[in-house]
Amino acid sequence: QQQVKQSPQSLIVQKGGISIINCAYENTAFDYFPWYQQFPGKGPALLIAIRPDVSEKKEGRFTISFNKSAKQFSLHIMDSQPGDSATYFCAASYNNQFYFGTGTSLTVIP
Amino acid sequence: DAGITQSPRHKVTETGTPVTLRCHQTENHRYMYWYRQDPGHGLRLIHYSYGVKDTDKGEVSDGYSVSRSKTEDFLLTLESATSSQTSVYFCANRRQGSYEQYFGPGTRLTVT
């Protein structure tokens with residue numbers, strides 16, 4: 001049973017466009033929602049994260065939108081660049097454990 | 001930077017053999033984690049540790065055991081490897097009081 005559902009599985013965006021990746025969860029005990037970026041052959045790297053008492057967090061071109069009532073959160077990448085091409089994972093945490101989505105492969109076309 | 005090294009980075013082994021993967025951190029972070037990554041499943045928690053000799057199971061712990069005798073080392077053991085344990089294994093650490101988790105470079109394990 002996947003505790004965090006992520007979509008889409010893959011995404012192709014033109015350079016300069018906006019990339020949007022969505023995640024949904026059921027467990028209301030989750031209290032931390034990070035996003036990770038992973039390049040081929042590397043470990044995941046923490047990109048940005050949010051707590052459930054905040055509806056939006058922005059760091060540079062990356063924004064998390066969080067909807068507590070809908071139990072959904074999303075990653076927006078503004079002005080997408082070819083260097084953003086990677087796999088992105090959402091996750092949710094409680095009680096020292098982390099549950100990951102299945103990943104989104106993002107390709108940014110020059 | 002996680003300050004994490006994993007060894008070996010690649011391993012091929014036969015079904016039924018024991019395998020131990022090592023995770024070493026240069027920091028003295030309290031929490032350490034072992035995950036496996038498989039296509040279509042993302043990362044799944046196998047076991048984690050919240051201190052020396054303190055460990056707990058994750059969502060896919062069957063067939064795996066762990067040990068942590070020193071703060072800096074976290075070992076993952078497959079007592080009798082099976083083909084279903086072919087995967088990429090990642091170690092991660094986390095400082096007490098922080099939610100931020102940092103990953104190592106991974107170990108690609110193939111069980112034939």
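This is a predicted model, so every value here is computed, not measured.

(A) The arrangement of the packing of aromatic side chains in detail. The final tally for this structure, using the stated rule, is 25 aromatic pairs over all chains. Ring centres of Y25 of chain A and F66 of chain A lie 6.2 Å apart, and the angle between their planes is 20°; on these two criteria the pair is classed as stacked. Placement of the pair is Y25 of chain A in strand β3 (residues 19–25) and F66 of chain A in strand β7 (residues 62–67), with a sequence separation of 41 residues. Each member of the pair, Y25 of chain A as well as F66 of chain A, is classed as buried. Geometrically, the ring pair formed by Y36 of chain A and F103 of chain B is edge-to-face, given 5.5 Å between the ring centres and 90° between the ring planes. Linking Y36 of chain A in strand β4 (residues 33–38) with F103 of chain B in strand β10 (residues 101–103), this pair reaches from one chain into another.

(B) Local environment of the sheet that holds strand β1 (residues 4–7) of chain B. Residue and element names in this part refer to chain B. Strand order in the open sheet made by the four strands is β1-β3-β8-β7, with antiparallel pairing throughout. Here the strands that pair on one side only, and so sit at the sheet edges, are β1 and β7 (64–70). Taken over all neighbouring pairs, the strand axes of this sheet differ in orientation by 20° on average, direction set aside. Here β7 pairs with strand β8 (residues 73–78) via five bridges, running antiparallel. Bridge assignment links S65 to a residue of β8, and that residue is T77.

(C) Just the interface of chain B and chain A, in detail. Taken together, the 23 residues of chain B in the interface contact 21 residues of chain A. For chain B, the biggest contributors to the area lost against chain A are L43, Y99 and F103 of chain B; these three give 34% of the whole. Our count for the chain B to chain A interface comes out at four residue pairs in polar contact (both at pLDDT 80 or more). The set of elements that each furnish at least two residues to the side of chain B that touches chain A consists of β4 (31–38), β5 (42–51), β9 (87–94) and β10 of chain B. Looking at the side of chain B that touches chain A residue by residue, the class counts come to eleven nonpolar, seven polar and five charged.

(D) Quick peek at the pattern of salt bridges. Residues and elements named next belong to chain A. With the rule as written, the count across this model stands at seven salt bridges over all chains. One salt bridge connects E26 with K71, and the closest N-O pair in it is separated by 3.3 Å. Of this pair, E26 sits in the loop between β3 and β4 while K71 sits in the loop between β7 and β8 (72–77); the two residues are 45 residues apart in sequence, bridging distant segments of the chain. Of the residues examined, K71 reaches a relative accessible area of 21% and is grouped as partly exposed. Salt-bridge contacts for E59 lead to K57; the nearest nitrogen and oxygen are separated by 3.6 Å. A relative accessible area of 32% places K57 in the partly exposed class.

(E) Region of interest: the sheet that holds β3 of chain A. All names here are of chain A. Taken together, the five strands give an open sheet; going across it, the order is β1-β3-β8-β7-β6, and neighbouring strands pair in antiparallel fashion. Looking along the sheet, the strands with just one partner apiece sit at the ends: β1 (4–7) and β6 (56–59). Going from strand to strand, the sheet's axes swing by 15° on average, the running direction of each strand aside. One ladder, built from four bridges, connects β6 with β7; its direction is antiparallel. Its bridge partner lying in β7, E59 is registered against F62.

Rules used in this analysis
- Residues numbered from 1 in each chain as written.
- Chains lettered and ligands numbered in written order.
- Predicted model: local features only at pLDDT ≥ 70, side-chain atom pairs only at ≥ 80, totals over all residues.
- Heavy atoms only, no water.
- Phe/Tyr/Trp six-rings, centres within 6.5 Å; stacked < 30°, edge-to-face > 60°.
- Helix = DSSP H or I, 4+ residues; strand = E, 2+ residues; numbered from the N terminus.
- Buried < 20%, exposed > 50% of the residue type's maximum accessible area, 1.4 Å probe, protein only.
- Pairing = 2+ DSSP bridges.
- Axes fitted to C-alpha atoms, helices over the stretch in contact; angles between N-to-C directions.
- Contact = heavy atoms within 4.5 Å.
- Buried area = accessible area lost by both parts, 1.4 Å probe.
- Polar contact = N/O pair within 3.5 Å; in protein donor to acceptor, adjacent residues only side chain to side chain.
- Nonpolar A, V, L, I, M, F, W, Y, C, P; charged D, E, K, R; others polar.
- Salt bridge = Lys/Arg side-chain N within 4 Å of Asp/Glu carboxyl O.

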